[in-house]
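Chain and residue survey
Below are the chains, spelled out letter by letter.
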Amino acid sequence: MGILEKISEIEKEIARTQKNKATEYHLGLLKAKLAKYRAQLLEPSKSPAAKGEGFDVMKSGDARVALIGFPSVGKSTFLSLMTSTASEAASYEFTTLTCIPGVIEYKGANIQLLDLPGIIEGAAQGKGRGRQVIAVARTADVVIMMLDATKGEVQRALLEKELESVGIRLNKSKPNIYFKPKKGGGISFNSTVTLTQCSEKLVQLILHEYSCHQGAQPVWCVGIWALTVSTSEIFNAEVLFREDCSPDEFIDVIVGNRVYMPCLYVYNKIDQISMEEVDRLARRPHSVVISCGMKLNLDYLLEKLWEYLALTCIYTKKRGQRPDFTDAIILRKGASVEHVCHRIHRSLASQFKYALVWGTSTKYSPQRVGLTHMMEHEDVIQIVKK
């Protein structure tokens, strides 16, 4: 039996198993096996014949956004409207056969927008070049899931399932679990909160079932994982739950290659549905309704995209001159004066004496600050060197 057949059998077994207290250990084991087989499926083949053409697009601009969706939902039309790039759009499916990049210029930032080919059900197993599409999506800062408003919730559920199966977690934060395999001493289990979804017995069963890469002693601590060579079952490890997590989240911590990213669900073609349905879709979490054909609500979508990217514009000012509002420095939210120095020149932080800042991050303007001062959107900074 191949890996795909094993995955299918386990998924069927999970679907027909009733969820209750008596079956939680059985379900935990099935989910651990499922994660193991999916990891094997996504490993690149060593045979040269299995290599295919990928979507090698150089990362550019201040942020990267991936457009994901089924064929003929309006991704190429959206790219053509938002950027100066012309992506072929037609009434038939699979018009776009490769990754087409474009640039959105918004609030002084250059946002790279990738129009990816439409994916189909089974993309995680490689159908319809699904693996290449999903591999590019993993490198993005935000995913825009383009959906056809006339199809209801079917497309959203299918796409979420495909992305979940390859380790992309949408609009979720990393589980606050400390996990470190050891050479001996058994399994040390602790928690700082009351656990309602996981128990020590279930954690031990999952660890015994799942294979861990050993040799260089991997370490995971909320986002850090060192990959290694040989594999064996985990009988010695230190586990600390800092929040009430599910078995699925614990398996994600063991695997260590999950990607957590924000996602905007964009419902296109709202001009073809009723106002009541538009209102219902618009009220769903992380959702925006648009019409590319009639150019409706595109400005609001850009505002939401900027919010999800969490970018800030910082303007610079030379002594005795007016601020330069034509060329902004684009940084992530939570950036400090030190980050601004490194963006201007790598040696500027070592020559830093103090900075004068105008804007919402200060109590008064200008305020004299140090390297640790946190900058906010549209602040103006003047750096004084030693």
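Quick caveat, the model's predicted, so the values are computed rather than measured. (Residues numbered from 1 in each chain as written. Predicted model: local features only at pLDDT ≥ 70, side-chain atom pairs only at ≥ 80, totals over all residues. Heavy atoms only, no water.)

Concerning the overall build of the protein chain
Helix and strand counts for the protein chain come out as ten helices and 19 strands. Looking at the 386 residues of the protein chain, the share that counts as buried comes to 46%. Long-range contacts, defined here as pairs at least 24 residues apart, represent 65% of the contacts in the protein chain between residues at least 6 apart. Entry remark: accessible area of the protein chain is about 19,900 Å², with carbon and sulfur atoms responsible for 51%. (Helix = DSSP H or I, 4+ residues; strand = E, 2+ residues; numbered from the N terminus. Buried < 20%, exposed > 50% of the residue type's maximum accessible area, 1.4 Å probe, protein only. Contact = heavy atoms within 4.5 Å. Areas by Shrake-Rupley, 256 points an atom, 1.4 Å probe, with all protein chains shown as cover.)

Section: the sheet that holds strand β17 (residues 352-358)
The sheet built from five strands is open, its strands ordered β16-β15-β19-β17-β18 with mixed pairing. In this open sheet, the two edge strands, each paired with only one partner strand, are β16 (324-332) and β18 (367-369). Going from strand to strand, the sheet's axes swing by 35 degrees on average, the running direction of each strand aside. Where strand β15 (residues 311-316) meets strand β19 (residues 379-385), three bridges bridge the pair, whose relative direction is parallel. (Pairing = 2+ DSSP bridges. Axes fitted to C-alpha atoms, helices over the stretch in contact; angles between N-to-C directions.)

Description of the packing of aromatic side chains
Under the definition given, this model contains five aromatic pairs. Ring geometry for Y106 versus W306: centroids 5.9 Å apart, planes at 70 degrees, classification edge-to-face. With Y106 in strand β2 (residues 100-106) and W306 in helix α9 (residues 298-309), this pair connects stretches of sequence that are 200 residues apart. Judged by relative accessible area, which is 8%, W306 ranks as buried. Judged by centre distance (6.3 Å) and plane angle (90 degrees), the rings of F179 and F250 are edge-to-face. Highlighted residues: F179 in strand β6 (residues 177-181) and F250 in helix α7 (residues 247-255), separated in sequence by 71 residues. A single burial state applies to F179 and to F250, both of which are buried. Through pairs of rings, three or more aromatic residues link up here, namely F179, F189, F241 and F250. The residue whose ring lies beneath R156 is Y265, and the NZ or CZ to ring-centre distance is 3.6 Å. One residue, R368, lies across the ring of Y354, its end atom 3.8 Å from the ring centre. (Phe/Tyr/Trp six-rings, centres within 6.5 Å; stacked < 30°, edge-to-face > 60°. Lys NZ or Arg CZ within 6 Å of the ring centre and 35° of its normal.)

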